[in-house]
Amino acid sequence: QVQLVESGGGLVQAGGSLTLSCTASGSVFGINAMGWYRQAPGKQRELVAVIGRGGTTDYTDSVKGRFTISRVQRENTVYLQMNSLKTEDAGVYYCNMGLHWGQGTQVTVSS
């Protein structure tokens, strides 16, 4: 019904940048809150950033000032711009919209 397709993950050196994208397709209507989560090995999945229905954004403290979430509604796409990446940022990043999740995209940060 609803599919979230992610892209942009990869390998980057500490201090570098990556941009993740997530495009929703299927029965998607109106403006929905969307978020990015991540899960490092052996750790719980945590919220990284969220953009609300009205466009407001919130971030977990550890990424404030480094990550930016944005949305292009006409493309049903949400982005996560990640700058000054740290090894602690490594993990699988998941796009979320309500009860729907993307497949996850791996972000690897080398020291």
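Residues numbered from 1 in each chain as written. Predicted model: local features only at pLDDT ≥ 70, side-chain atom pairs only at ≥ 80, totals over all residues. Heavy atoms only, no water.

Observations concerning unusual backbone geometry
Phi at N76 is positive, roughly 50°, even though this residue is not glycine. Following the sequence through the fold, N76 ends up in the loop between strand 7 (67-72) and strand 8 (77-82). Despite not being glycine, S84 has its phi angle at roughly 50°, a positive value. Looking at where S84 falls in the secondary structure, it is placed in the loop between strand 8 and strand 9 (91-97). (Helix = DSSP H or I, 4+ residues; strand = E, 2+ residues; numbered from the N terminus.)

Brief notes about the sheet that holds strand 8
Taken together, the 4 strands give an open sheet; going across it, the order is 1-3-8-7, and neighbouring strands pair in antiparallel fashion. Of all strands in the sheet, those with a lone pairing partner are strand 1 (2-7) and strand 7, marking the two edges. Geometrically, the sheet is characterised by an average inter-axis angle of 15° between neighbouring strands, direction not taken into account. Note that strand 7 and strand 8 share 6 bridges and pair antiparallel. Paired with I69 across the bridge in strand 8 is L80. (Pairing = 2+ DSSP bridges. Axes fitted to C-alpha atoms, helices over the stretch in contact; angles between N-to-C directions.)

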